[in-house]
Amino acid sequence: MLAASVVFPLVLFCYASWVNYHAAFDRADERIKQALDLSAEQALRVFRSINVTFDSVEQITRGRTEQTLHSAEAELSERFKQFVNALPDIGSVWILNAQGDAIVSSLFFPLPPAANGPERAYLKGQLARGPDLHIGEVQRIQMTGRLIIPISKWRTDSSGTFSGFTEISLWPEAFERFYQPLAERTSASFALIREDGAVLARYPVPGIAGIKLDASTGFRQLVARSPEGGPYTSVSGVDQRERRFSARKLEGFPLYVTSSLETRDIVQGWLWQMASHLIFGIPATAFFVVLILLAMKTTSELYAEAERREAAEASLRQSQKMEAVGQLTGGVAHDFNNLLTIILGNLELALRQAPEGRPRTLLMRVHRAAERAAELTKRLLAFSRNQPLDPRPIDASRLVADMSDLLGRTLGENISIETIRGGGLWQTEVDRAELESALLNLAINARDAMPSGGKLTIETGNAFLDEAYCATTDGVKPGQYVMIAITDTGIGMSQELIGKAFDPFFTTKPAGSGTGLGLSQVHGFVRQSGGHVRIYSEIGEGTTVKIYLPRCFAGAREAINEAKAPESPKGSLETVLVVEDDDEVRSFVTETLRGLNYRVLEAADGDGALALVRQSDRIALLLTDVVMPGMNGRTLGDAAQQHRPGLKILYMTGYSRNAIVHQGRLDPGVSLIQKPFSESALASRVHGILSARGN
């Protein structure tokens, strides 16, 4: 529309200009023709009058000899004066003998000697060379100083023999006076031209007299191709200006009259006319252009908004899909963790009592499989963003440097590793163990994408995600982030694969080579930590995964790994209240604690546990499951501490459901052991809490 709003008026204007251009010349031709009609009519009238004068002179002088003409000079001179007075365009009438010498003149009586002086010989060259009327070129008469057009005709005696000339002098200024009002206040020019190009009269009057147009001029070319005349455009041979001419031959005379206008004035008039159109056309076109530009801007904004909405909706759909799958996997993980707690716990007890040999080997295989199942369940919780995280301020560059040896051993010798640590890197607050696991997962994926070897680059730096970027990505907030980029030189991924990369159980690896939870675990951990992860890849060009973790503004120092407590420390007959709705899990936990030298009370739900809290003052620790029917573990803990202030609590869970975890973080002051756990892990955790001061 914008192109049409400009091009269509432009094409229309060009067409109108072309039409008006030709119309301007047509109008100019009409004006020239009208003026030519007047000038041609005037010229014909003059020369017909001259013909009549020649006839009258012929009647008066017919049959007279040179002697009789001399004898009647006074009479003839007077009569010729009467002719001249009757015709103001005529300057004089002369009777000449056969040699061209003057016998009678309307100007002088008697004739002065100068009338036939040698210096007037130039006039003889302009006399008729035959019986027909002859029009000579413009001459300046030395006796009077005036310009004349000599027109002559033969005289014959009674026998028809040539006996001399009759010459009539015509004033050029007679034509100039007539042309002047026609050309006033215009660029018009008028001329009387002999057919051989001799200019007899012209207005505007040229600076020199006796101009003769050569064969290269437009007039001579017109006469050559069209003897009757016509229109033509040419540079004037008199004033050297380009003009639009019209020429017409005078009937019965070897003469042409011309009328012209300067093409510059014609074009200028056309330009003024088109400019008057532009006065209205330009504002109208500009109005439509502005209107369309506004419409384009609005449409562009609408399309941009539609694209943003489409991207946001796609991101939201992906987020909702992941959330739905996460809820499902979280629930499954809870049940699996309870089962795995029973399986792993009883396997540990069985391994203690199993003798060396095949039975012990079989039990160890089952134990390793159960541990793998526990790791798989942990990944499911990471994907569903329901694993309890314990974030601490860390320096990402130092963490990457600390992992270099581990990554080198994991990836093998055919993959080189380069780390680029950004200067002035901000701190971020995340769970160190989970971040290490995420980086290790990404490194393993990169290794699998480079089967023939290659290069892995890990880069850290500061980044800022602006509102425009975050508007297209669901759940990402604008702000400052610590960026960790993992780049490989592998086979790359298509856009279709990138769109599915974070889906749980999606993998491009052969069957049995992967669970399809690596990237989904990374995605879940990063999102649970308040960050963002993005994949950039092209087929054959490698892949870059960028992790953005929120900047930590707290002044805390980076957490240092604490020394591990001795395995399976024994208790000192402290009383532990175990609350677990699953009978098998509760049985394993109570049996394990009794084996660790603790007194154990047990309850299957919150109400039963509160009753025991009220009855016994010896309870040193409340060990409760988080997710239970009716009263959950957190509610139980709060109620128990109201009855017994200072009571120490250790929560155990395979799926927290936000009871003790909010925004992916353990609530302040909460101690937690995750299912499934081993005897040593339980012993260490219980002993650590009971040994600590306060709660």
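In this convention, every chain numbers its residues from 1, walking through the sequence in written order. The predicted origin of the model limits local features to residues at a pLDDT of at least 70 and limits the giving and counting of side-chain atom pairs to 80 or more, whereas totals for whole chains, interfaces and linings rest on all residues. Only heavy atoms go into the side-chain values, all of them from the structure, while hydrogens and water stay out.

Visitor: Talk me through the sheet that holds strand β8 (residues 199–203); I want residue IDs and the actual numbers.
Guide: DSSP bridges decide pairing: two strands pair if at least two such bridges lie between them. The secondary structure listing takes helices from DSSP runs of H or I that are at least 4 residues long and strands from runs of E that are at least 2 residues long, numbered from the N terminus. Pairing is antiparallel in the open sheet, where five strands are placed in the order β8-β7-β11-β10-β9. Only two strands of the sheet have a single neighbouring strand rather than two, namely β8 and β9 (229–235). Sheet twist, expressed as the average angle between the axes of neighbouring strands with direction ignored, equals 20°. On the sheet, helix α5 (residues 172–183) packs against β7 (189–194), β8 and β11 (255–262) and is oriented at approximately 30° with respect to β8. Structural elements are reduced to axes, namely lines fitted to C-alpha atoms, with helices fitted over the stretch in contact, and the angle between N-to-C directions of any two is expressed from 0 to 180 degrees. Residue contacts are defined here by distance: any two heavy atoms, one from each residue, within 4.5 Å place the two residues in contact.

Visitor: Describe in detail the nonpolar core, supporting the description with residues and values.
Guide: Most often, soluble globular proteins keep nonpolar side chains buried together rather than apart. We call a set of buried residues a nonpolar core when its members are Ala, Val, Leu, Ile, Met, Phe, Trp, Tyr or Cys and they connect through side-chain atoms within 4.5 Å of each other. Each residue is placed in one exposure class: buried if its accessible area under a 1.4 Å probe, protein chains only, is under 20% of its type's maximum, exposed if it is over 50%, and partly exposed if it falls in between. The biggest cluster of nonpolar side chains holds 48 residues, and the ones touching the most others in it are F47, I50, F175, L192 and L250. Looking at which element gives the most residues to this core, the answer is helix α1 (residues 2–61), with 15 residues. Counting 35 residues, the second-largest nonpolar core is a separate cluster that includes L411, I415, I484 and V522.

Visitor: Explain unusual backbone geometry to me, using residue names and the numbers behind them.
Guide: Of the consecutive residues F109 and P110, the connecting peptide bond is found in the cis state with omega at -10°. The phi dihedral of Q240 falls on the positive side, at around 60°, and the residue is not glycine.

Visitor: For the sheet that holds strand β19 (residues 575–579), give the residues involved together with the corresponding values.
Guide: The five strands are arranged β20-β19-β21-β22-β25 in an open sheet whose pairing can be described as parallel. Edge positions in the sheet fall to β20 (599–603) and β25 (672–674), since each of these pairs with one other strand and no more. With strand direction ignored, the average angle separating the axes of adjacent strands in the sheet is 20°. Direction of pairing for strand β21 (residues 619–625) relative to strand β22 (residues 648–653): parallel, over a ladder of five bridges. In the strand pairing of β22, T624 is matched with Y651. Where helix α15 (residues 583–595) meets the sheet, it contacts β19, β20, β21 and β22, and its direction lies at approximately 165° from that of β20.

Visitor: Before we move on, could you go through empty space enclosed by the protein and cite the residues and values that matter?
Guide: Residues are said to line a cavity or pocket when one of their atoms sits within 4 Å of a point; the points come from a 1 Å grid over protein atoms alone, cavities being sets where a 1.4 Å probe fits but cannot get out and pockets being open sets with protein on both sides within 12 Å along at least five of seven lines. Grid points are joined across faces, edges and corners, and a volume is the space filled by probe spheres set on the points. A complete count under the given rule lists three cavities of 30 Å³ or more for this structure. Here the largest cavity defines a volume of roughly 140 Å³. Lining the largest cavity we find 17 residues, and of these I193, L213, Y232, S236 and F245 sit closest to its centre. Elements with a minimum of two residues in the lining of the largest cavity: β7, β8, α6 (218–225) and β9. Polar here means any residue outside two lists: the nonpolar Ala, Val, Leu, Ile, Met, Phe, Trp, Tyr, Cys and Pro, and the charged Asp, Glu, Lys and Arg; Gly therefore counts as polar. Here the lining of the largest cavity is built from residues that sort into nine nonpolar, seven polar and one charged.

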